[in-house]
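The primary structure of each chain is shown beneath.
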Amino acid sequence: STGYVFETDFTFLAENWVDEDMPLSYKFVYMVGYESDGGAETPVADRQLSASYDCLLPQGLSAHNYTLTAKAYVHDTYSAYAYASDTVRVLPVEYSTAQLANVSAALTKEALESGDPEASMQIMGATHKSLSGGSADERRKLTSSSETAALRTSLLATL
């Protein structure tokens, strides 16, 4: 699956898992790059009883072809677990600093007003990733570092 940061809702889905030690619970995470890279896992939500979750994901790194690894952990009542993984590509969207601030603020406000604090954290993470990038050539072309600082301060004030 391929999508764009801030524009594509990705669905984590862990259907048809069975275990004699019910109920099952689910935890969805992503890693920048490939599973074999051994990167850190970032949860998209707390462990939950629903087998699906829709979310925004941050852009991947150009060095990894903008690939993220999505993982679904399935836990039984005793917290024994198994997982499945797949890769997605999350491509960057070119925004000016002002556009990025407006998109991020609007999405964060919408998430908070709908009672979804996890979505607001996903938006903050995607915004941070868009501002910082993973290497010097991926960093946003901002007109000044003071604009970057102002945007980060504005995002924190939103929360």
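Residues numbered from 1 in each chain as written. Predicted model: local features only at pLDDT ≥ 70, side-chain atom pairs only at ≥ 80, totals over all residues. Heavy atoms only, no water.

Mind laying out the pairing of strand β3 (residues 25–32), listing which residues take part and the relevant values?
Of all eight residues in β3, six are buried; the element is thus mostly enclosed. Two elements, β3 and strand β6 (residues 67–75), share eight bridges in a ladder whose sense is antiparallel. Each bridged residue has a counterpart across the sheet, and for Tyr-30 the counterpart in β6 is Ala-70. Taken together, the two bridges between β3 and strand β4 (residues 42–43) define a ladder with antiparallel strand orientation. Across the sheet, the residue bridging to Val-29 is Pro-43, located in β4. (Buried < 20%, exposed > 50% of the residue type's maximum accessible area, 1.4 Å probe, protein only. Helix = DSSP H or I, 4+ residues; strand = E, 2+ residues; numbered from the N terminus. Pairing = 2+ DSSP bridges.)

Mind laying out the sheet that holds strand β1 (residues 2–4), listing which residues take part and the relevant values?
On the basis of which strands lie adjacent, the open sheet formed by five strands has the order β1-β7-β6-β3-β4 and mixed pairing. Of all the strands in the sheet, just β1 and β4 have a single pairing partner and so form its edges.

Kindly report on the pattern of salt bridges, identifying the contributing residues and their values.
Applying the stated criterion across every chain, the model contains three salt bridges. The partner of Glu-35 in a salt bridge is Lys-71, with the nearest N and O atoms 3.5 Å apart. Taken together, the residues Glu-35 in the loop between β3 and β4 and Lys-71 in strand β6 connect sequence positions 36 residues apart. A salt bridge links Glu-41 to Lys-71; the shortest N-O distance between them is 2.7 Å. (Salt bridge = Lys/Arg side-chain N within 4 Å of Asp/Glu carboxyl O.)

Account for the side chain of Asp-76, naming residues and giving values.
Positionally, Asp-76 belongs in the loop between β6 and β7 (81–91). Of the buried charged residues, Asp-76 lacks a salt bridge, with Arg-47 as the closest side chain of opposite charge at 7.0 Å. When neighbours within four sequence positions are excluded, Asp-76 is seen to be in contact with Asp-19, Asp-21, Pro-23, Leu-24 and Arg-47. (Lys, Arg positive; Asp, Glu negative; His and termini not counted. Contact = heavy atoms within 4.5 Å.)

Before we move on, could you go through the environment of Leu-49 and cite the residues and values that matter?
Positionally, Leu-49 belongs in the loop between β4 and β5 (52–55). Here Leu-49 falls in the exposed class, since its relative accessible area comes to 65%. It is 7.9 Å that separates the C-alpha atoms of Leu-49 and Pro-23, two residues lying 26 residues apart in sequence.

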